[in-house]
Amino acid sequence: MCGRPWATLTDFARDPETRPLGVTVNFDEPYLSLIFFVHGCGTTIGVPAGELRPLLPPLEGPVLCETEECRHHCLTFSDLVACDRPCRNAPLRRLLADLDAAKSGTPRSAP
C-alpha cells in the first residue's frame, strides 16, 4: 500500500489514481454491498456502499434480480455498465459507471 492518506472514502473513490473494479451486491442489505477499487499503487479495497452515501441516491425499491426486468449486471462482478432498471441496486451500478467514465474520460455506456 502506498500510504497515501484520504480524508474520506469519498475522496478515495474520486482519487484520479483509483479505478472501480466491481461490486458484490448484498441483495438483502444494499448498503452492505461492497464496491471494489484498485489504486495506482496496486492496493485493492472493498468499500461498503453505505460509506459512499454522499455519492449515492437512496437505495430503495424492489430488487429485480432474477426477474424478467433484470439485465443481470449485478451478477457479474467486473461489469461496470450502468443499469437503467428501477431496481434497488441500480444506483450501485450507476455509481460504478459514473466513476469509471469520469476516470477514463469517456461517456458511460448506459443511462
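Quick notes on the rules
Residues numbered from 1 in each chain as written. Predicted model: local features only at pLDDT ≥ 70, side-chain atom pairs only at ≥ 80, totals over all residues. Heavy atoms only, no water. Salt bridge = Lys/Arg side-chain N within 4 Å of Asp/Glu carboxyl O. Helix = DSSP H or I, 4+ residues; strand = E, 2+ residues; numbered from the N terminus. Buried < 20%, exposed > 50% of the residue type's maximum accessible area, 1.4 Å probe, protein only. Contact = heavy atoms within 4.5 Å. Pairing = 2+ DSSP bridges. Axes fitted to C-alpha atoms, helices over the stretch in contact; angles between N-to-C directions.

Draft legend 1. Fine view of the pattern of salt bridges. Using the criterion set out here, one finds 3 salt bridges in the structure. Between Asp84 and Arg71 there is a salt bridge; the shortest N-O distance is 3.0 Å. Within this pair, whereas Asp84 is found in the loop between strand E3 (44-48) and helix H2 (90-104), its partner Arg71 is found in the loop between E3 and H2, the two being separated by 13 residues in sequence. The exposure class of Asp84 is partly exposed, given its relative accessible area of 33%.

Draft legend 2. The side chain of Arg93, seen in detail. Residue position: Arg93 is located in helix H2. In contact with Arg93, not counting residues within four places along its chain, are Val23, His73, Cys74, Thr76, Asp79, Leu80, Val81, Ala82 and Cys83.

Draft legend 3. Local environment of the sheet that holds strand E1 (residues 18-24). The strand order E1-E2-E3 describes an open sheet built from 3 strands, whose pairing is antiparallel. Two strands lie at the open edges of the sheet, namely E1 and E3, each paired on one side alone. Along the sheet, successive strands turn relative to each other by an average axial angle of 30 degrees, direction set aside. Where strand E2 (residues 34-39) meets E3, 5 bridges bridge the pair, whose relative direction is antiparallel. Its bridge partner being in E3, Leu34 is matched across the sheet by Pro48. Where H2 meets the sheet, it contacts E1 and E2, and its direction lies at approximately 160 degrees from that of E1.

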